[in-house]
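# An overview of the molecular structure
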2 protein chains.
Amino acid sequence: MGMKGNQAQPGFFPKRTHHCHELRRCHIGQRVTLIGWVHSRRDHGGVVFVDLRDREGITQVVFHPDRCPEATQEAHRVREESVLQVWGEVAARPPGTENRRLATGEIEVNADGLRVVSPCAVLPFPLHGGNLPGEELRLSYRFLDLRRRPMLENLRIRHRVLRAIRDYLDGQGFIEVETPILSKSTPEGARDFLVPSRLHRGCFYALPQAPQQYKQLLMVAGLERYYQIARCFRDEDLRADRQPEFTQIDLEASFVDQEELFGWVEGFLEEAFGRVCGVELSLPFPRLSYWEAIDRYGTEKPDLRWPLALSDVSEIFSETGCKIFRAALEQGGVIKAINAKGLAELSLAQLEGLIEEAKSLGAGGLAYVKVEGKEWKSPIARHLTEKEKEALSQRLEVEPGDLLLFSAESWEIACKVLGKIRERVMSWLSKSHIPKEPFAFVWITDFPLFQFDKEANRWEATHHPFTRPHPEDWKLFEEGQYEKVRALAYDLVLNGVEIGSGSLRVHEPELQARIFQILGLDPMIQEKRFGHLLRALSYGAPPHGGIALGVDRLVMMMAGATTIRDVIAFPKNSAGVDLLTGSPTEVELEQLRELGIRTVPYREP
Amino acid sequence: MGMKGNQAQPGFFPKRTHHCHELRRCHIGQRVTLIGWVHSRRDHGGVVFVDLRDREGITQVVFHPDRCPEATQEAHRVREESVLQVWGEVAARPPGTENRRLATGEIEVNADGLRVVSPCAVLPFPLHGGNLPGEELRLSYRFLDLRRRPMLENLRIRHRVLRAIRDYLDGQGFIEVETPILSKSTPEGARDFLVPSRLHRGCFYALPQAPQQYKQLLMVAGLERYYQIARCFRDEDLRADRQPEFTQIDLEASFVDQEELFGWVEGFLEEAFGRVCGVELSLPFPRLSYWEAIDRYGTEKPDLRWPLALSDVSEIFSETGCKIFRAALEQGGVIKAINAKGLAELSLAQLEGLIEEAKSLGAGGLAYVKVEGKEWKSPIARHLTEKEKEALSQRLEVEPGDLLLFSAESWEIACKVLGKIRERVMSWLSKSHIPKEPFAFVWITDFPLFQFDKEANRWEATHHPFTRPHPEDWKLFEEGQYEKVRALAYDLVLNGVEIGSGSLRVHEPELQARIFQILGLDPMIQEKRFGHLLRALSYGAPPHGGIALGVDRLVMMMAGATTIRDVIAFPKNSAGVDLLTGSPTEVELEQLRELGIRTVPYREP
């Protein structure tokens with residue numbers, strides 16, 4: 001093993017007297033022992049300065065060759081990120097060398113000795129101060145990447161957020177219950193990850209996409225209030241900010257309505273944001289129906305940090321001389337407008353980019369007006385009457401420097417186009433303006449219960465098949481006007497990102513079977529996939545509902561991180577690979593033989 | 001949908017004014033609304049009595065035909081376990097009909113109306129009061145089984161235990177970190193569950209048997225104190241009380257020794273037992289080295305609720321005239337004895353059962369003495385001198401009615417035999433005697449680092465390959481006397497059940513590689529399976545160690561349950577099947593095609 005010099009011996013358990021964030025002027029003169037990593041090292045005229053770092057902070061340790069010649073030699077040689085135990089005496093820093101940015105910046109420790117507890121090899125990239133390398137390298141050396149302060153801080157924030165949420169829910173009488181990971185495959189929605197069973201050859205468990213059915217079964221069991229910080233799995237083609245496994249705050253309660261559920265979610269978010277971010281959320285969160293969200297923001301995930309909204313200006317143009325506008329109105333369409341405050345300065349190229357984007361979304365084009373001083377500059381300017389301009393000025397609160405954008409299309413397309421344009425405009429604004437609110441929450445309610453999938457020629461559940469029809473649309477449901485039926489389903493959106501989704505559920509077995517039927521599941525398939533749920537509903541199931549919030553995304557936003565990978569200790573890359581361990585890997589043939597499976601070379605379907 | 005009569009309508013969200021455990025004499029005269037399940041129903045001269053149950057308790061509701069004729073009719077028809085909303089007035093029970101066993105036993109609610117929120121089908125088995133059906137039926141209808149009070153209570157206990165442990169560890173600066181479930185296969189120890197990767201055909205993730213390597217990587221990352229309530233997986237042939245997935249309290253810390261780790265575990269258990277069971281544990285827990293445990297109790301999992309221990313009485317018999325005893329001593333063996341207090345009454349058949357058991361464990365036989373009054377009755381009685389009897393009486397604290405059992409064998413076999421006999425004796429005692437302590441913890445320390453697997457002709461790690469050799473045995477390790485090297489490894493045993501296991505770890509890459517080598521892993525396999533860990537250890541890894549405790553077993557014992565399945569919401573049966581959902585199941589061929597795998601019919605290897 002070749003232990004030598006001041007290196008630690010195998011049976012040695014280094015101890016500290018203080019953590020590296022603790023020492024202050026009041027400790028001057030005390031003898032202390034610290035342990036930590038060499039954050040940085042500078043040699044200055046024979047004296048060696050080491051910034052020693054542990055989980056809590058940094059302390060400057062000074063090795064004077066006249067005070068401890070051997071230790072100074074050793075400190076001179078030691079590599080960054082090695083683990084040291086150091087002992088010495090706390091002293092005031094010489095006047096003028098204090099470091100106000102450091103909690104311990106008024107003192108330093110004059111070393112009397114050191115022990116190299118664990119040496120560090122040459123680092124693959126500089127951890128502190130230097131430019132960050134590509135993420136792939138960081139992920140390959142995740143154990144080093146996590147030593148960077150912001151990363152450690154992210155893990156701590158995650159811990160504290162979940163802690164706050166648990167505290168709140170426990171206080172409200174919720175019981176955390178662990179549901180199975182080795183679960184049942186119900187092929188719909190996203191793809192399942194499968195786990196071959198060795199004891200039951202040819203059979204498979206599935207990893208849960210959510211504990212949806214289990215939590216409903218817990219309601220039937222009379223638990224009344226359940227939650228779980230639950231691991232979920234989706235085998236999807238990974239996009240930039242997706243992970244094959246993710247964590248959600250999963251909640252379900254009996255005998256509740258939407259109001260109560262919203263109150264709990266607002267309650268635990270208030271608790272978490274207050275404790276962790278020091279931000280006081282203003283409650284209750286605003287609400288928009290799905291229809292309102294589309295109509296005013298062109299999306300079901302509106303970012304309300306920016307007040308910018310779409311206006312229907314059809315009425316203003318009821319007698320327009322502009323051919324395109326008139327044609328749209330005559331075909332039953334609408335004219336919608338958005339005022340991109342202060343963006344009259346956009347170049348023609350940028351404007352043409354917007355027009356191209358509109359066309360790619362199915363629009364015929366995109367009309368615009370640059371308001372330069374008092375002048376309205378636009379290809380359609382000559383068609384605008386003074387009366388129309390005045391009405392627009394009022395409605396859109398037009399000021400010099402604004403850019404007005406118009407979409408004259410069917411309602412759906414006009415909303416979609418201006419929704420996208422709005423996002424683009426916001427991304428420009430966000431570079432120069434600080435939003436009014438850093439965290440803009442909004443509830444989106446009353447989603448459609450079904451959507452018609454034209455390709456597959458069948459109805460699909462907008463949320464999932466356990467979602468309850470809106471009682472006001474009961475007649476439409478009975479009449480089979482499924483496209484018009486709203487659901488008691490809701491999303492929670494934060495800064496334009498969906499962070500939660502839920503609904504009140506079907507608790508009547510006949511209604512559940514009928515919805516399965518509408519979705520094209522015949523009774524045999526219903527029994528095979530959901531027999532246990534239908535059965536459960538027939539034994540006195542309480543009315544119930546719930547919601548699930550994505551932890552990774554929520555914590556990412558609270559921590560101010562730019563990717564969920566920065567708030568997950570060991571994430572996969574965008575190809576689903578753990579670059580640290582190399583997983584997934586090939587396995588021994590013997591393992592497959594025992595499982596009764598064989599891998600098959602790829603062939604085009 | 002056919003809603004009729006008093007049945008709830010689709011848009012109806014029933015509300016309550018009180019839970020069913022709340023009403024007392026002070027509420028008499030108040031109008032209240034309750035919701036819950038029909039726990040039981042009795043008709044008595046036209047009056048219908050319903051015990052209405054919710055999560056919190058039970059309230060008696062009375063339907064008088066003259067007060068509410070329609071509702072009484074309805075209540076008369078309603079089936080047990082249906083969900084009702086009931087409103088009425090709180091009244092004192094008629095004198096003499098109070099129920100002292102019920103928190104609400106002094107009052108009843110005179111109903112004015114009811115609504116059947118959700119009717120219940122005919123129950124597959126009676127939930128309350130009747131005899132429990134077989135466990136398979138209970139598991140098939142788990143949503144009903146969990147309505148039974150003891151089961152709900154178990155889930156609550158589990159929640160509160162984990163809550164207490166989290167509170168304690170948070171207070172000690174531990175950070176909870178979630179580690180991956182889609183992990184890497186490292187074929188050793190138990191079998192891995194595998195998850196085929198769709199994006200990387202022919203490759204597999206593995207479900208973690210424990211977050212062992214991830215938590216060590218977190219220590220290298222400088223987290224210093226980590227914990228996680230972690231889901232783990234083992235694809236083993238299931239025994240009675242095993243589950244393919246289970247939960248553990250997983251803990252790791254840097255710069256610690258055994259003392260500190262033991263202190264934390266004792267601390268969180270003290271907290272949990274105090275809060276949940278109202279039991280004050282006496283700390284610190286006793287400790288035994290592995291060698292002491294075997295020597296005194298014949299097992300590394302001694303049940304210390306019973307003071308019964310093995311004694312080495314070789315010395316007493318140094319001049320024995322008993323041939324078998326002398327032969328054992330001459331062959332370097334020992335004579336060990338145990339005093340089965342008060343069991344002189346055992347029948348000859350029971351004694352012969354013990355002797356057979358001893359033989360099945362490799363012993364030549366088992367000697368016994370029944371102490372009846374002053375008389376020692378035994379086939380070997382005539383070989384015992386008065387001096388020997390006196391010495392035995394003192395050493396074994398012999399009293400009339402005791403049964404002495406002797407094993408004269410090699411130390412290993414004598415310990416094993418009397419250890420088993422001790423278990424048998426305790427199981428008899430436990431039927432008639434209450435143990436001194438309901439919860440007897442003991443730390444077992446200093447396990448051997450390696451065990452030689454004779455069949456495979458190689459060394460195996462007793463705990464796992466990341467375990468640290470004992471510093472006092474460093475020389476033995478260097479000399480290759482592996483069988484003599486102890487480890488810094490420890491188990492926590494409660495009432496004879498291992499509930500925790502841990503160790504201090506290897507943090508030096510050279511030492512880790514050498515241990516892998518001793519275990520027969522050549523450098524190529526080391527790199528393939530553990531390259532990431534070896535690499536991590538070379539970048540300034542702190543000395544660290546940890547422990548993991550089994551949650552299911554711990555909670556089972558705290559709840560006084562007899563199987564871990566009773567403290568798991570949705571367990572699998574002993575064949576790994578979830579009888580509720582029918583998982584594991586066959587899956588669509590299309591799913592397998594996408595994953596690039598095929599199932600293979602079973603052939604003998």
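These numbers were taken from a predicted model, which means no experiment stands behind them. (Residues numbered from 1 in each chain as written. Chains lettered and ligands numbered in written order. Predicted model: local features only at pLDDT ≥ 70, side-chain atom pairs only at ≥ 80, totals over all residues. Heavy atoms only, no water.)

## Focus on the overall build of chain A
On a plain count of helices and strands, chain A comes out with 16 helices and 23 strands. In terms of overall dimensions, chain A has C-alpha extents of about 95 × 75 × 55 Å along its principal axes. Burial analysis of chain A (605 residues in total) assigns 58% to the buried set. A fraction of 68% describes how many contacts in chain A between residues 6 or more apart in sequence connect residues 24 or more apart. (Helix = DSSP H or I, 4+ residues; strand = E, 2+ residues; numbered from the N terminus. Buried < 20%, exposed > 50% of the residue type's maximum accessible area, 1.4 Å probe, protein only. Contact = heavy atoms within 4.5 Å.)

## Here's the deal with the pairing of strand S5 (residues 107-118) of chain B
Residue and element names in this part refer to chain B. Extensive coverage of S5 is indicated by the burial of 10 of its 12 residues. Bridge count for strand S3 (residues 58-63) against S5 is 2 bridges, and the pairing is parallel. Residue pairing in the sheet places Val62 in a bridge with Asn110 of S5. By the bridge criterion, 10 bridges tie strand S4 (residues 83-92) to S5 in an arrangement that is antiparallel. Looking at the pairing, Val90 lines up with Val109 of S5. (Pairing = 2+ DSSP bridges.)

## Topic: empty space enclosed by the protein
Applying the stated criterion across every chain, the model contains 14 cavities of 30 Å³ or more. When its volume is computed, the largest cavity comes out at roughly 480 Å³. Around the largest cavity, the lining comprises 30 residues; the ones closest to its centre are Arg166 and Ile229 of chain A together with Arg166, Glu176 and Ile229 of chain B. Elements with a minimum of two residues in the lining of the largest cavity: helix H4 (149-171) and strand S9 (225-233) of chain A together with helix H4 (149-171) and strand S9 (225-233) of chain B. In terms of residue class, the lining of the largest cavity is made up of 11 nonpolar, 5 polar and 14 charged. (1 Å grid on protein atoms, 1.4 Å probe; cavity = no way out; pocket = protein on both sides within 12 Å on 5 of 7 lines; lining within 4 Å. Points joined across faces, edges and corners; volume = space filled by probe spheres on them. Nonpolar A, V, L, I, M, F, W, Y, C, P; charged D, E, K, R; others polar.)

## Observations regarding the packing of helix H9 (residues 348-360) of chain A against helix H11 (residues 411-432) of chain A
Residues and elements named next belong to chain A. The interhelical angle for the contact between H9 and H11, taken along N-to-C directions, is 145°, at an axis separation of 9 Å. The two elements H9 and H11 meet at a crossing, and its hand is right-handed. Here Gln350, Leu354, Glu357 and Ala358 of H9 come into contact with H11, specifically with Val417, Lys420, Ile421, Arg424 and Trp428. The class makeup of the residues in the contact of H9 with H11 is 5 nonpolar, 1 polar and 3 charged. (Axes fitted to C-alpha atoms, helices over the stretch in contact; angles between N-to-C directions. Left-handed = near helix turned anticlockwise from the far one by under 90°.)

## Considerations on the confidence of the model for chain A
Residue and element names in this part refer to chain A. Predicted confidence across chain A gives a mean pLDDT of 94, with 97% of residues reaching 70 or more. Taken together, the stretch residues 1-5 has pLDDT below 50 and engages in 8 contacts with residues farther than four places along the chain or on a different chain. Both scores are given for the predicted complex: the pTM is 0.95, the ipTM 0.94. (pLDDT = per-residue confidence, 0-100.)

## Description of the pattern of salt bridges
Across all of its chains, the model carries 119 salt bridges over all chains by this definition. The partner of Arg505 of chain B in a salt bridge is Glu252 of chain B, with the nearest N and O atoms 2.7 Å apart. On the criterion of sequence distance, the pair formed by Arg505 of chain B in the loop between strand S21 (497-504) and helix H13 (509-518) and Glu252 of chain B in strand S10 (residues 245-254) is long-range, its members being 253 residues apart. For the pair Arg505 of chain B and Glu252 of chain B, one class covers both residues: buried. Within this structure, Arg163, Asp167, Asp170, Glu271 and Arg275 of chain A together with Arg163, Asp167, Asp170, Glu271 and Arg275 of chain B form a network of salt bridges that share partners. (Salt bridge = Lys/Arg side-chain N within 4 Å of Asp/Glu carboxyl O.)

## Some words on the sheet that holds strand S2 (residues 47-53) of chain B
All names here are of chain B. Reading around the barrel, the 5 strands line up as S1-S2-S3-S5-S4 and close back on themselves, with mixed pairing between neighbours. The average undirected angle you get between the axes of adjacent strands in this sheet is 55°. Note that S2 and S3 share 6 bridges and pair antiparallel. Counted as the bridge partner of Phe49 is Val62 from S3. Helix H1 (residues 69-77) contacts strand S1 (31-44), S2, S3 and S5 of the sheet and is inclined by roughly 70° relative to S5.

## Overview of unusual backbone geometry
At the junction of Leu283 of chain A and Pro284 of chain A, the peptide bond is cis and its omega measures out at -10° in the coordinates. Locating Pro284 of chain A in the fold gives a position in the loop between helix H6 (258-277) and strand S11 (287-289). Look at the link from Ser583 of chain B to Pro584 of chain B: it is a cis peptide, with omega at 0°. Looking at where Pro584 of chain B falls in the secondary structure, it is placed in the loop between helix H15 (551-559) and helix H16 (589-595). Phi angles above zero are rare outside glycine, and Asp446 of chain A is one such case at about 55°. With respect to the helices and strands, the residue Asp446 of chain A is situated in the loop between strand S17 (441-445) and strand S18 (450-453). Taking the relative accessible area as the measure of exposure, Asp446 of chain A reaches 18% and is therefore buried.

## Quick look at the domain arrangement of chain A
Residues and elements named next belong to chain A. One can read the domain layout of chain A as domain 1 (25-118), domain 2 (150-285 + 550-580), domain 3 (306-434) and domain 4 (449-486 + 508-541). In this structure, domain 2 and domain 4 have C-alpha centres spaced 25 Å apart. Across the contact, 9 residues belong to domain 2 and 11 residues belong to domain 4. In total, domain 2 and domain 4 occlude about 970 Å² of area from one another, counting both sides; carbon and sulfur atoms represent 62% of this. Where domain 2 packs against domain 4, one counts 0 salt bridges. (Domains from an automatic or database assignment. Buried area = accessible area lost by both parts, 1.4 Å probe.)

## Some details on the UniProt feature "site: Important for tRNA non-discrimination" (unreviewed entry) in chain A
Residues and elements named next belong to chain A. UniProt tags His44 and Gly96 as "site: Important for tRNA non-discrimination" (unreviewed entry). Mapping His44 onto the fold places it in strand S1 (residues 31-44). Note on placement: Gly96 falls in the loop between strand S4 (83-92) and strand S5 (107-118). (UniProt positions renumbered as here; feature names shortened; annotations may be inferred.)

## Remarks on the interface of chain B and chain A
Listed per partner, the contact involves 142 residues of chain B and 143 residues of chain A. Across the chain B/chain A interface, buried area totals approximately 12,400 Å², and carbon plus sulfur atoms make up 60% of it. Here chain B and chain A share 24 salt bridges between them. Across the pair Glu260 of chain A and Lys15 of chain B runs a salt bridge whose closest N-O atoms are separated by 2.7 Å. Taken together, the connections running from chain B to chain A amount to 69 residue pairs in polar contact (both at pLDDT 80 or more). In terms of residues, the side of chain B that touches chain A owes the most to one element, H4 of chain B, which gives 10 residues. For the side of chain B that touches chain A, the residue count by class is 75 nonpolar, 25 polar and 42 charged. Sheet analysis places strand S23 (residues 597-599) of chain A next to strand S23 (residues 597-599) of chain B, joined by 3 bridges and oriented antiparallel. Paired with Arg598 of chain A across the bridge in S23 of chain B is Arg598 of chain B. (Polar contact = N/O pair within 3.5 Å; in protein donor to acceptor, adjacent residues only side chain to side chain.)

## A short note on the packing of H4 of chain A against H4 of chain B
Taken N-terminus to C-terminus, the directions of H4 of chain A and H4 of chain B make an angle of 140°; their axes are 12 Å apart at the nearest point. Comparing their axes, H4 of chain B and H4 of chain A come out oblique. Crossing hand, H4 of chain A versus H4 of chain B: left-handed. Contact residues: His159, Arg163, Arg166, Asp167 and Asp170 of chain A in H4 of chain A; His159, Arg163, Arg166, Asp167 and Asp170 of chain B in H4 of chain B. Split into classes, the residues belonging to the contact of H4 of chain A with H4 of chain B amount to no nonpolar, 2 polar and 8 charged. (Parallel < 35°, antiparallel > 145°, perpendicular 65-115°, else oblique.)

## So, the side chain of Asp51 of chain B
All names here are of chain B. Relative to the elements of secondary structure, Asp51 occurs in strand S2. At 4.4 Å, Arg42 is the nearest oppositely charged side chain to Asp51, a buried residue that forms no salt bridge. Excluding its chain neighbours within four sequence positions, the residues that come into contact with Asp51 are Trp37, Val38, His39, Ser40, Arg42, Ile58, Thr59 and Gln60. (Lys, Arg positive; Asp, Glu negative; His and termini not counted.)

## Focus on the sheet that holds strand S10 (residues 245-254) of chain A
Residue and element names in this part refer to chain A. Read from one edge of the open sheet, 8 strands run S6-S9-S10-S22-S21-S20-S17-S11, paired in mixed fashion. If you trace the sheet from one side to the other, it starts and ends with strand S6 (175-176) and S11, each paired once. Where S10 lies against strand S22 (residues 544-550), 7 bridges are found, and the strand directions are antiparallel. Across the sheet, Gln248 pairs through a bridge with Gly550, a residue of S22. Across the sheet, H6 touches S9, S10, S11, S17, strand S20 (489-494), strand S21 (497-504) and S22, and the angle it forms with S17 is around 160°. Contacting S11 and S17, helix H7 (residues 290-297) runs over the sheet at an angle of about 95° to S11.

## Details of the relation of the copies chain B and chain A
The operation relating chain B to chain A is a screw motion whose rotation component is 180°, with 0.0 Å of axial translation and a residual RMSD of 0.1 Å. Taken together, the rotation and translation relating the two chain copies correspond to the operation of a two-fold axis. The fraction of interface residues of chain B whose copies in chain A are also interface residues reaches 100%, indicating that both copies meet through the same surface. (Least-squares fit on C-alpha atoms with pLDDT ≥ 70 in both.)

## What to know about the state of the cysteines
Put plainly, a disulfide is one covalent bond tying together the sulfur atoms of two cysteines. Applying the stated criterion to the full structure yields 0 disulfides over all chains. In this structure Cys20 of chain A is a free cysteine whose sulfur lies 16 Å from that of Cys26 of chain A, the closest cysteine sulfur available. (Disulfide = S-S within 2.5 Å.)

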